[in-house]
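Here is how the chains run, residue by residue.
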Amino acid sequence: MSDAADTASLLQAMQAAHVPHVIAATIAGIENEVPQALADWTAANLPQSYLQGELASAKLMQDSDLNYLLLKLTWLVDDDIDREYELVPSGQPFADAEVSRQAVVQAILDLLADDDHPWQTSYGVGKPGTHFAHPSFY
């Protein structure tokens, strides 16, 4: 979701096709929910244009009429067996510095299987206990 124009086109197409639900991924920190040290490290390691695009795209999603789940992913790591994750609701501090791609897939599958979760909200997706100033793999 790093290009707001692409996100706007996608949202318009979904609304025109009467697609009622979307699960989208963005980066942790768009709601100022991560610790300052992690936010600073992220800002120093990603292009500002990317960060601005993620923020603008997330706002478009949140302002849409769609039933969305916006997953705010922290730094991704490859680990074929690690599917441990936690979902941190919007408005709560989110300190996890990393999560495996496989855990993100597991989180999405679990959300799809749960008919009782709320829509039009966001969750931080991270690995519990990874409260670092930067991902452990850097």
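These numbers were taken from a predicted model, which means no experiment stands behind them.

Q: Before we go on, may I ask you to explain the overall build of the protein chain in this structure?
A: Helix and strand counts for the protein chain come out as 4 helices and 6 strands. In the protein chain, the order of α-helices and β-strands from amino to carboxyl end is α-β-α-α-β-β-β-β-α-β. At 15 Å, the protein chain has a C-alpha radius of gyration in line with the 14 Å of a compact globule built from 138 residues. Across its three principal directions, the C-alpha atoms of the protein chain cover 45 × 35 × 25 Å. A burial count over the protein chain gives 38% of its 138 residues as buried. Summarising the internal contacts of the protein chain: among those between residues at least 6 apart in sequence, 80% fall at separations of at least 24. For the protein chain, the accessible surface area stands at approximately 7400 Å², while carbon and sulfur atoms represent 54% of it. Averaging the positions of the 5 positive and the 20 negative side-chain charges in the protein chain gives two centres separated by 3 Å.

Q: Can you walk me through the pairing of strand 2 (residues 67-73) in this structure?
A: Side chains on a regular strand alternate between the two faces of the sheet. Here strand 2 lies mainly inside the structure; 6 of its 7 residues are buried. Pairing analysis gives 7 bridges linking strand 1 (residues 21-27) to strand 2, with the strands arranged parallel. Of the residues in strand 2, the one forming a bridge with Val22 is Tyr68. Sheet analysis places strand 2 next to strand 6 (residues 121-126), joined by 5 bridges and oriented parallel. In the sheet register, Leu69 faces strand 6, and the bridge partner there is Thr121.

Q: Where do I start with the layout of surface pockets in this structure?
A: Summary: where empty space remains is shown by rolling a probe the size of a single water molecule over the atoms. Approximately 540 Å³ is the volume found for the largest pocket. Around the largest pocket, the lining is made up of 23 residues, and of these Ile27, Ala28, Gly29, Thr42 and Leu51 lie nearest the centre. Sorting the residues of the lining of the largest pocket by element identifies strand 1, helix 2 (36-45), helix 3 (48-63) and strand 3 (75-77) as the ones contributing at least two each. Here the lining of the largest pocket takes 5 residues from helix 3, the largest share from any one element. A per-class count over the lining of the largest pocket returns 15 nonpolar, 6 polar and 2 charged.

Q: Sorry if this is basic, but what is going on with the sheet that holds strand 6 here?
A: Strands in a sheet are paired, the pairing made by backbone hydrogen bonds, and the direction either parallel or antiparallel. Here 4 strands make up an open sheet; going across it, the order is 1-2-6-4 and the pairing mixed. Whereas interior strands pair on both sides, the edge strands pair on one side only; in this sheet they are strand 1 and strand 4 (86-89). For this sheet the average axis-to-axis angle between neighbouring strands, irrespective of direction, equals 30°. With 4 bridges connecting them, strand 4 and strand 6 associate as antiparallel partners. Among the inter-strand pairings, Val88 is bridged to a residue of strand 6, identified as Gly124. The strands touched by helix 3 are strand 1 and strand 2; relative to strand 1, the strand with the most contacts, the crossing angle is about 155°. Each of strand 1, strand 2, strand 4 and strand 6 touches helix 4 (residues 101-113); the most contacted strand, strand 2, lies at about 155° to it.

About the thresholds
Residues numbered from 1 in each chain as written. Predicted model: local features only at pLDDT ≥ 70, side-chain atom pairs only at ≥ 80, totals over all residues. Heavy atoms only, no water. Helix = DSSP H or I, 4+ residues; strand = E, 2+ residues; numbered from the N terminus. Rg over C-alpha atoms; globule rule 2.2 N^0.38 Å. Buried < 20%, exposed > 50% of the residue type's maximum accessible area, 1.4 Å probe, protein only. Contact = heavy atoms within 4.5 Å. Areas by Shrake-Rupley, 256 points an atom, 1.4 Å probe, with all protein chains shown as cover. Lys, Arg positive; Asp, Glu negative; His and termini not counted. Charge placed at Lys NZ, Arg CZ, Asp CG, Glu CD. Pairing = 2+ DSSP bridges. 1 Å grid on protein atoms, 1.4 Å probe; cavity = no way out; pocket = protein on both sides within 12 Å on 5 of 7 lines; lining within 4 Å. Points joined across faces, edges and corners; volume = space filled by probe spheres on them. Nonpolar A, V, L, I, M, F, W, Y, C, P; charged D, E, K, R; others polar. Axes fitted to C-alpha atoms, helices over the stretch in contact; angles between N-to-C directions.

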